[in-house]
Amino acid sequence: MSLQKEIDRRKTFGIISHPDAGKTTLTEKLLLFGGAIQEAGAVKSNKIKKGATSDFMEIERQRGISVATSVLAFEYGGIKINILDTPGHKDFAEDTFRTLTAVDSVIVVIDVAKGVEEQTEKLVEVCRMRNIPMIVFINKLDREGKDAFELLDEVEQKLKLRVTPLSFPIGMGYDFKGIYNLWEKNINLFSGDSRKNIEETIEIEDISSTDLEELIGQKPADNIREELELIDQVYPKFNREEYLQGGLQPVFFGSALNNFGVRELLDCFVEIAPKPQPKYSDTRLVRPEENEFSGFVFKIHANMDPKHRDRLAFIKIVSGVFQRNTNYVHVRNGKKMKFSSPNAFFAEKKQIVDTSYPGDIVGLHDTGSFKIGDTLTQGEQMHYKGIPSFSPEFFKYINNADPLKSKQLEKGIDQLMDEGVAQLFTLELNGRKVIGTVGALQFEVIQYRLEHEYGASCRYENLNVHKACWVDPQDEKSDEFKDFKRVKSKFLAKDKRGQLVFFADSAFTLQMTQSKYPNIKLHLVSEFESQKE
Ligand code: G4P
């Protein structure tokens, strides 16, 4: 098959949701449709169970599972679908943000009873800012929940989306009768017992036909006719171009657990979702159909087996064909690299592949040369953009607790940071090391992993920092910048890339500092458009 055909038949996406909305269940049902798994329960949830065991043991368990679920690929009607796993737990939000740089579209899952929750808001905001095409799936319709119109309003307002329903529920919870599919113009009746079976649909060409009463009864028929009329008047018509540009989001209703409404979602998804998209590097826009291979690392999994220092770097292929045993250039360090056993993913299994195409994810065995964000090419000197670091929320000094193991500690910290577990800062004034994390959990994880994987031990010491801001002076030689550096010297540090960072101890300090030094921009994200000429 030609490169173009391979590109055209691929769709790479992520499912995002607040924990418990049904992401794992939906993923599993999609795989069932694709015939990639045979029974429910095959996809393990990688969420952190509250209060199950001590937190870091839970994370170790989760790490084991999440290697298997990092990428779940399956075929459906000749289309190759790659689902990238995104952790829902807020302490791993940064992992999810990075994964979103490797998807071409997303499905947002919302619980019908809980409506839009906090984590969904944050993740959707990131997708919205990047104009990633989104489809919304409102889940758990077999339960009593919010009114469908109320939910659509909530999605519009809280998530700032422009929605158009492509399916609509007939009743809800106890009275849930089924779903009218506006996209295909048919009705899918809910029997409450379709968990194992893939449901049948009934075509309804004309919604005013009396067939509808016979199917669902007089009152529900009247209701749905009224609702469909309202939808027609209030919501914009679906338009694929607008969806692809991130300006319109179709909404589906269903119940993942009951395998209901999932086929409608999937059929529409394969028809409308984008194929692998071009991506900007620091030098140019790279198109998938270019002959030369290129890709970037968006995730690293390390040391699953403590006896082998083995890491798996996940590469999203942006252009060309990736081939086994072929020399590629690791652009950041200029090294040529060849991979004898690249892993591809099919359902929950890993297998060695000879060739992969744009949109695919390959897992490359690595002994420590990759960092998140690294670019691989056939020789071209360019770096893919768009994997920023965000200001951590928690900060602590990290000290060596065993002077005989300082080398091990340094190496451990270095590798864990490359993996993206946390961020390391070095204070300008005294060289002390500070770890910044998105969640409090990570400190435990780091300590545990340093000990078990590197034989090093560390101690933490509290440090009062509210946010780390990347400093962007318009003019490095200005008196303003010199003054800033002198006055704030105690609060300045360098990140791992050597960029200057300011530690603000409160929101007030941050605001005061910014107004005192208006020409020095303080950013909460490491990747920013510099103010400099
Ligand atoms: P997550 O990955 O987004 O965190 O959610 P997950 O799929 O694990 O689903 C969270 C809970 O919601 C699970 O129940 C799951 O069975 C349930 N669920 C998912 N879809 C539906 C649905 O359509 N209807 C109903 N009624 N429930 C649904 P749990 O009790 O937490 O876990 P489990 O013991 O069932 O695995």
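Going by the structure above, here's the rest.
Quick look at the structure, then. Every value quoted in this text rests on a predicted model; they were computed, and no experiment measured them.

Analysis parameters
Residues numbered from 1 in each chain as written. Predicted model: local features only at pLDDT ≥ 70, side-chain atom pairs only at ≥ 80, totals over all residues. Heavy atoms only, no water. Helix = DSSP H or I, 4+ residues; strand = E, 2+ residues; numbered from the N terminus. Buried < 20%, exposed > 50% of the residue type's maximum accessible area, 1.4 Å probe, protein only. Contact = heavy atoms within 4.5 Å. Areas by Shrake-Rupley, 256 points an atom, 1.4 Å probe, with all protein chains shown as cover. Axes fitted to C-alpha atoms, helices over the stretch in contact; angles between N-to-C directions. Parallel < 35°, antiparallel > 145°, perpendicular 65-115°, else oblique. Left-handed = near helix turned anticlockwise from the far one by under 90°. Salt bridge = Lys/Arg side-chain N within 4 Å of Asp/Glu carboxyl O. Phe/Tyr/Trp six-rings, centres within 6.5 Å; stacked < 30°, edge-to-face > 60°. Lys NZ or Arg CZ within 6 Å of the ring centre and 35° of its normal. Pairing = 2+ DSSP bridges.

1. Topic: the overall build of the chain
Secondary structure summary: the chain contains 14 helices and 31 strands in total. Across the 533 residues that make up the chain, the buried fraction comes to 54%. Contacts spanning at least 24 positions in sequence make up 72% of the contacts within the chain whose residues lie at least 6 apart. On the chain, roughly 23500 Å² of surface is accessible, and the fraction owed to carbon and sulfur atoms is 49%.

2. A look at the packing of helix α4 (residues 93-100) against helix α5 (residues 118-129)
The N-to-C vectors of α4 and α5 enclose an angle of 30°; their axes lie 10 Å apart at closest approach. In terms of orientation, α4 lies roughly parallel with respect to α5. Of the two possible hands of crossing, α4 and α5 adopt the one that is right-handed. Side by side, α4 and α5 meet where Ala93, Thr96, Phe97 and Leu100 of the first sit next to Gln119, Lys122, Leu123, Val126 and Cys127 of the second.

3. Considerations on the pattern of salt bridges
In total, this model carries 33 salt bridges according to the counting rule given. Among the salt bridges present, the one from Asp8 reaches Lys275, with a minimum N-O distance of 3.1 Å. With a gap of 267 residues between them, Asp8 in helix α1 (residues 3-8) and Lys275 in the loop between α10 (262-272) and β12 (279-280) connect regions that are remote in the sequence. The exposure class of Asp8 is partly exposed, given its relative accessible area of 36%.

4. Regarding the packing of helix α11 (residues 406-419) against helix α12 (residues 441-454)
Between α11 and α12, whose axes approach to 10 Å, the crossing angle comes to 120°. In terms of their interaxial angle, α11 and α12 are classed as oblique. Note that α11 runs across α12; the crossing there is right-handed. Facing Gln408, Leu409, Lys411, Gly412, Ile413, Gln415, Leu416, Met417 and Glu419 of α11, the residues of α12 in contact are Ile446, Arg449, Leu450 and Tyr454.

5. Concerning the packing of aromatic side chains
Counted according to the given criterion, the structure contains 21 aromatic pairs. Residues Phe168 and Phe253 carry aromatic rings whose centres are separated by 5.5 Å and whose planes lie at 70° to one another, so their mutual orientation is edge-to-face. Here Phe168, found in strand β7 (residues 167-170), pairs with Phe253, found in strand β11 (residues 249-253); they are 85 residues apart in sequence, far enough to count as distant. Accessibility expressed as a relative area gives 1% for Phe168, which makes it buried. Here a set of aromatic residues connected by ring pairs shows up, and it is made of Phe293, Phe322, Tyr328, Phe339 and Phe370. Note that Arg432 overlies the ring of Tyr397, its terminal NZ or CZ placed 3.8 Å from the centroid.

6. With respect to α10
Burial analysis of α10 places 10 of its 11 residues in the buried class, which makes it a mostly covered element. Every buried residue of α10 is accounted for by Val262, Arg263, Glu264, Leu265, Leu266, Asp267, Cys268, Phe269, Val270 and Ile272.

7. Quick look at the pairing of strand β2 (residues 71-76)
In terms of residue burial, β2 counts as a mostly covered element, since five of its six residues are buried. Bridge count between β2 and strand β3 (residues 79-84): six bridges; the pairing is antiparallel. Bridged to Val71 within β3 is Leu84. Counting the residues in the hairpin turn of β2 and β3 gives two residues, including Gly77, whose phi is positive at 55°.

8. Regarding the sheet that holds strand β24 (residues 394-400)
Spatial strand order, β27-β24-β26-β25-β29-β30-β28-β31: eight strands in an open sheet with antiparallel pairing. The open sheet terminates on both sides in strands that have one partner only, identified here as β27 (458-462) and β31 (520-523). Each strand axis lies, on average, 40° off the axis of its neighbour in the sheet, ignoring direction. Bridge count between β24 and β27: five bridges; the pairing is antiparallel. In the sheet register, Asn399 faces β27, and the bridge partner there is Arg459.

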